Structure formats: C-alpha cells, structure tokens
Amino acid sequence: MKAVSCSNAQLDVVDLPTPVPAKGQLLIDVLRCGICGSDLHARRHCDEVAEVMAETGYDGFMRSDQHVVMGHEFCGEVLDHGPRTRKAPRPGTRVVAVPLVRRGQAVHAIGLSESAPGGYAEHMVVEQSLALPVPNGLSADAAALTEPMAVAWHAVRRGEVRKRDVAIVIGCGPIGLAVVCMLKARGVRTVIASDFSPGRRALATRCGADIVVDPAQGSPYAAAAGHGHLETAPEAFGLAIGTVEKLYRARLPWWHVWRAAEAVGAATPKRPVVFECVGVPGVIDGIIAGAPLFTRVVVVGVCMGTDAIRPAMAINKETDLRFVFGYTPMEFRDTLHMIAEGKVDVSPLITGTVGLGGVANAFDALADPAKHAKILIDPKSALQEV
C-alpha cells in the first residue's frame, strides 16, 4: 500500500506492506484523514515530546530517526477483521475510531508512534472495541473531524462553562475554531474569539463566535466588559467590605446570609472562562495578566518549549488554571453524534483536500494562518496542491 512516512522531519510517499489486524482489530480502508496541529509539531519536535511522554510513563512516542506514518483524525471503511474476531461492524461500514491500538500488552497512540501507523495511508488497523459506525449518512469529510472536535468538547466540559458565562477563545487555529463550535453547541450565549489573522477571525464568525477581536487593535477582555467581572484587586476588596457593611447596617447576621448565598452560588464572583488555544511561550502569562480576577483558564494549546508564568500574579488574581489532554471514549462517541445530528457544523473548518503526494505541500500551506484551518488527506486523490 501507499503511505506517507515521516523520518528526520522529511515526509515521503513510500510503499509499505498492508497491515494485518490482530484479534479484536479491524483493517480499514482510509477514506479521509485530517492533518492535526500536533502532527505539525511532532514533525519537528517529536524528540522533545517523546522525552516528556517518557517521564509520564509512556516510552512509545515517535522519535525523529524512526519511520512513522502519522494521522490520528480519520474515517475509513471496514475491509476485514482480525482472527477470532466478531464480524462487526460488517465490511463496507464506515467507521471512526478512538486512535489507540494494542500491540501485545502495550497500548500506543495511532499516528504518533512507530508501533501504531496512522491514517496517512491507504489502509490502517484500529481496535474493534473503539470503532464506531458513522451514523446518519455523515460524509467522510465531516466524520474525520470527530477526533479534533472531541478534543474541543473535552476542553469545554473541563472548563465547566455555563450558558450565561462569557467564554473567550485565544487563538483561532483549528482547535480554537473547534472550541468555538463546541461552546455554541453547549449553548454559551457570549463567545469572544481573538486572533491576529483576519482569515481566522472570519472563520471564527462562521463557527458562531459572537464577537471577534484583533488583539493588535483591542483586548478580548475589554470586549467582555459589562458582564460584572472584577477587574482589579481594589474592586474585590470593595465588594467584600461593601457587602458586609450593607448586611451590618440591616442588622443581619452577615455570616448566615453569606453562607446561604454560597450554598446557592450567589456569593461566587462572576468570571469569564478563557481557552488558550495558541501554544506559544508567553501566552498563558499574558492571559493571567490581562484577564479579570477569578478567571478560569483552560489550556488547550500545546506549547512545545519551556514557558514561564508569574505565580504571584496568578495568586493575587486567584486565577484558576487547568490543562487538558485528549478526551474520553464517551466524549468521542458523543462528539460523533453531535456532528451527525447537525448540532455542530464542522464544514467551516475544512479548507482543503490533498492526496498522499500532496501531504508535504499541505504541511507547508498550514504554516500560513490566513489560508487554511483543516486540510484533509484523501488517499485515493491525485491532488498535490491546496
């Protein structure tokens, strides 16, 4: 079969043996595979990521001197089943799958490990238990976006965003746009999106952002003014003492009233939820410094280098900092059905398609934020330019 191999940052179309599914696995014909931002990073920085992953206990992440078939955002058609494997889904069924695969007793990340070749190929192997039939006649293009949209859905859920909260998305690349989509699917009424690129701001509007901001011209936090957020420490001090003074003058036991308000959530200061979707050193510290007090920051962007924050700033503003990674199998399944049922429109994210011979050109094209968000690979296509 034809596949795209990555070794020493080079992307080459090569001939490889068709993979053979083991017990409990499926062989699928790849219909579409998305190029993920993590693929772009892994091409150049996989050794750094591999060292971090090794510290967390996983030593199977791709290395620069290996030959790796990337691609973990895919939709395919079932071709065959492994030995002693239940014949479901039937051959010809379109499926997506959580990108994890067993190799003996070990589990590897599909497309990010030499031991688990991914979707930059004509065929690939997935776990039967993690494969889901594509419902409602959903197109292969849209189904292939299940994986990145599941990342965004997990981030939104981890952010515990309520409908009346203000959500601010910093960075409108593919994952930022996916977060915007999922925030609107959750019913969040005010979504502010910020990006330097006019093209990406336009895509954010198409994805449902209520307000888009060019950070070179204005602050996304200023755009959230009027929602009752506390901007400075003196404001918080004044609110605390002012509340007690009012209750004291009313001759009420303020501690009982306060405790009752806490029980129903009325004593919690209003705050935005900010999604960091850039992954560049300095962005997290910039958010902590610029956002209102009590802001919850959900870090979705993957910063490949060492970063620094000022803990004193975060402490004085009581910033809530959360980091997210991946999703659960349930979130993956729910995301697929949200797309298939029309609750989430992923079409604005898809900006191009190439064949295997065009993957290297697609990687170069994705470096220009003005033109592309998500480029899909069609292994049967001869297209080499986007």
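Residues numbered from 1 in each chain as written. Predicted model: local features only at pLDDT ≥ 70, side-chain atom pairs only at ≥ 80, totals over all residues. Heavy atoms only, no water.

Novice: I'd love a proper account of the state of the cysteines, names of residues and values included.
Specialist: Summed over the entire model, instances satisfying the criterion amount to zero disulfides. The cysteine cysteine 6 is free of any disulfide, with cysteine 46 supplying the nearest cysteine sulfur at 6.7 Å. Looking at cysteine 6, the relative accessible area reads 3%, which means it is buried. In this model cysteine 33 remains outside any disulfide bridge; the closest cysteine sulfur is found in cysteine 36, 9.6 Å from its own. Taking the relative accessible area as the measure of exposure, cysteine 33 reaches 0% and is therefore buried. (Disulfide = S-S within 2.5 Å. Buried < 20%, exposed > 50% of the residue type's maximum accessible area, 1.4 Å probe, protein only.)

Novice: Requested: an account of the domain arrangement of the chain, with residues and values cited.
Specialist: How big an interface is tends to be expressed through the accessible area that disappears when the partners come together. Domain parsing of the chain yields domain 1 (2–133 + 346–377) and domain 2 (148–323). With 13 residues of domain 1 at the interface, the matching set in domain 2 holds 14 residues. Carbon and sulfur atoms make up 72% of the area that domain 1 and domain 2 hide from each other, which totals about 1200 Å². On the domain 1 side of the contact with domain 2, Pro348, Leu349 and Pro369 bury the most area, a combined 41% of that side's loss. Inspection of the region where domain 1 meets domain 2 yields zero salt bridges. For the pair domain 1 and domain 2, the number of links is zero residue pairs in polar contact (both at pLDDT 80 or more). By residue number, the principal contributor to the side of domain 1 that touches domain 2 is helix H1 (residues 37–55), which donates four residues. (Domains from an automatic or database assignment. Contact = heavy atoms within 4.5 Å. Buried area = accessible area lost by both parts, 1.4 Å probe. Salt bridge = Lys/Arg side-chain N within 4 Å of Asp/Glu carboxyl O. Polar contact = N/O pair within 3.5 Å; in protein donor to acceptor, adjacent residues only side chain to side chain. Helix = DSSP H or I, 4+ residues; strand = E, 2+ residues; numbered from the N terminus.)

Novice: I'd love a proper account of a positive patch on the surface, names of residues and values included.
Specialist: Among the surface-exposed residues, Lys163, Arg164, Arg189 and Lys270 lie close enough to one another that they form a single positively charged patch. Within the secondary structure, arginine 164 is located in the loop between helix H3 (146–158) and strand S10 (166–170). Take arginine 164: its relative accessible area is 71%, and that puts it in the exposed class. (Patch = residues over 30% accessible without salt bridge, like charges linked within 9 Å, V, L, I, M, F, W, Y side chains within 5 Å. Areas by Shrake-Rupley, 256 points an atom, 1.4 Å probe, with all protein chains shown as cover. Lys, Arg positive; Asp, Glu negative; His and termini not counted. Charge placed at Lys NZ, Arg CZ, Asp CG, Glu CD.)

Novice: Please set out the packing of aromatic side chains residue by residue, giving values where relevant.
Specialist: As enumerated under the stated definition, the model contains four aromatic pairs in all. Judged by centre distance (5.8 Å) and plane angle (80 degrees), the ring pair of tryptophan 254 and tryptophan 255 falls under edge-to-face. Overall, tryptophan 254 belongs to the partly exposed group, its relative accessible area being 31%. Seen in terms of ring centroids, tryptophan 254 and tryptophan 258 are 6.1 Å apart; in terms of plane orientation they differ by 75 degrees. Their pairing is edge-to-face. Here the residue tryptophan 254 and the residue tryptophan 258 both occupy positions in helix H7 (residues 254–263), the gap between them amounting to four residues, near one helical turn. (Phe/Tyr/Trp six-rings, centres within 6.5 Å; stacked < 30°, edge-to-face > 60°.)

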